[in-house]
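Residues per chain are reported as follows:
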Amino acid sequence: MKYALITGASKGIGKSMAIALAKRKINLLLISRSVDELNALQTALENQYGVEVHSLAIDLSQIEAPKAVLNWVTDNNYAIQILINNAGYGLWGKFGELDLAAQLEMCQLNMTTVTALCHLLLPVLSTEKKAYILNVCSTAAYQAVPTLAIYSATKAFILSFTRALRFELKDGPVSVSCLSPGPVDTGFAHRAGLDAFSKMAEKFNMQPDKVAEIAIKGLLAGKAEIIPGFTNIISVYANRILPKGFIEKMAAGIYKT
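Reference entry: report on the structure contained in this document. Since the model is a prediction, treat every value here as computed from it, not as a measurement. (Residues numbered from 1 in each chain as written. Predicted model: local features only at pLDDT ≥ 70, side-chain atom pairs only at ≥ 80, totals over all residues. Heavy atoms only, no water.)

### A short note on the overall build of the chain
A count of helical and extended segments in the chain gives 10 helices and seven strands. Restricting to contacts in the chain with at least 6 residues of sequence separation, those with at least 24 account for 71%. (Helix = DSSP H or I, 4+ residues; strand = E, 2+ residues; numbered from the N terminus. Contact = heavy atoms within 4.5 Å.)

### Here's the deal with the sheet that holds strand 6 (residues 174–179)
Taken in spatial order, the seven strands of this open sheet run 3-2-1-4-5-6-7, and their pairing is parallel. On the outer flanks of this sheet lie strand 3 (53–57) and strand 7 (225–226), each paired with one strand and no other. As paired elements, strand 4 (residues 79–85) and strand 5 (residues 131–136) share four bridges and run parallel to each other. Across the sheet, residue isoleucine 84 finds its bridge partner in strand 5, namely leucine 134. Packed onto the sheet, helix 8 (residues 208–220) meets strand 4, strand 5, strand 6 and strand 7 and runs at close to 140° relative to strand 5. (Pairing = 2+ DSSP bridges. Axes fitted to C-alpha atoms, helices over the stretch in contact; angles between N-to-C directions.)

### Remarks on the packing of aromatic side chains
In this structure the tally under the stated criterion is three aromatic pairs. Centre to centre, the rings of tyrosine 3 and tyrosine 78 are 5.1 Å apart; their planes meet at 65°, and the pair counts as edge-to-face. Within this pair, whereas tyrosine 3 is found in strand 1 (residues 2–7), its partner tyrosine 78 is found in the loop between helix 3 (65–75) and strand 4, the two being separated by 75 residues in sequence. Neither residue differs from the other here; tyrosine 3 and tyrosine 78 are each classed as buried. Plain terms: the ring middles of phenylalanine 157 and phenylalanine 161 are 6.0 Å apart, the flat faces sit at 10° to each other, and that makes the pair stacked. Here the residue phenylalanine 157 and the residue phenylalanine 161 both occupy positions in helix 5 (residues 149–168), the gap between them amounting to four residues, near one helical turn. (Phe/Tyr/Trp six-rings, centres within 6.5 Å; stacked < 30°, edge-to-face > 60°. Buried < 20%, exposed > 50% of the residue type's maximum accessible area, 1.4 Å probe, protein only.)

### Thoughts on helix 3
Those residues of helix 3 not exposed but buried are Ala65, Pro66, Val69, Leu70, Trp72 and Val73. Along helix 3, the residues classed as buried sweep out an arc of 160° about the axis, all on the same side. The inward-facing, buried residues of helix 3 contact strand 1, strand 2 (27–32), strand 3, strand 4 and helix 4 (100–125). Of the residues flanking the end of helix 3, it is asparagine 77, one or two places downstream, whose phi is positive at about 55°. (Arc of directions from axis to C-beta.)

### Structural notes on the packing of helix 3 against helix 4
For any two helices packed against each other, the geometry is given by the interaxial angle and the distance between the axes. Here helix 3 crosses helix 4 at 30°, and the two axes come no closer than 9 Å. What the angle tells us is that helix 3 and helix 4 run roughly parallel. Crossing angle aside, the handedness with which helix 3 passes helix 4 is right-handed. Contacts between helix 3 and helix 4 involve Pro66, Lys67, Val69, Leu70 and Val73 on the former and, on the latter, Thr113, Ala116, Leu117, Leu120 and Leu121. Each residue belonging to the contact of helix 3 with helix 4 can be placed in one class, and the counts come to eight nonpolar, one polar and one charged. (Parallel < 35°, antiparallel > 145°, perpendicular 65-115°, else oblique. Left-handed = near helix turned anticlockwise from the far one by under 90°. Nonpolar A, V, L, I, M, F, W, Y, C, P; charged D, E, K, R; others polar.)

Coordinates in, geometry out; function isn't part of it.
Okay, structure coming up:
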């Protein structure tokens with residue numbers, strides 16, 4: 001029996017991707033911190049779509065978490081065909097004024113955990129005839145974002161890492177993709193402390209279900225970079241051709257404290 005493993009699966013894009021995969025009759029391994037939300041989602045997916053779902057409640061920002069995930073997978077002999085590294089968050093504010101420990105924890109989850117899970121689970125994925133890795137990034141990866149300095153830097157790391165890993169694995173069974181959404185109607189802005197910005201972002205937000213459907217289609221098609229939404233595609237290409245100083249000034253105006 002084959003499974004798709006999704007981190008940050010209890011809400012937002014992760015939850016929507018779990019639903020999109022369940023609709024395709026793909027069995028699921030769901031990981032999140034919230035026991036109650038995981039249990040509710042597991043029951044709903046099993047009842048509605050008839051797929052097999054297992055869940056693990058764990059804080060992936062802890063350094064020992066990726067090894068615990070590997071142990072869970074190997075102890076239960078789960079055959080993973082899809083790995084989706086979705087768990088992550090942002091913190092808004094000036095770098096020197098934000099709590100250092102909180103920023104380092106964000107780096108751990110956004111970068112180190114993703115790297116570790118890819119490394120630890122790659123041997124499991126490589127036993128399949130065809131397998132997939134999807135690392136969830138952000139349009140913030142394509143530019144420096146003042147007041148989201150560390151968040152945008154972590155996503156730039158994920159973008160670069162994913163493209164390099166994709167090239168390294170191009171002759172094998174594992175296809176590697178990166179999902180870079182713009183504003184999505186999830187709890188991201190609230191957790192980041194961007195409540196004022198979230199009201200403005202509502203005009204541009206995509207719904208997580210739509211982003212998830214685009215993501216899964218792109219993943220299964222083997223796309224390198226998946227950027228949902230025409231506006232987001234244009235912004236990414238603009239970041240590639242416009243002067244960096246101009247882009248940073250614009251971003252600073254949008255996200256100013």
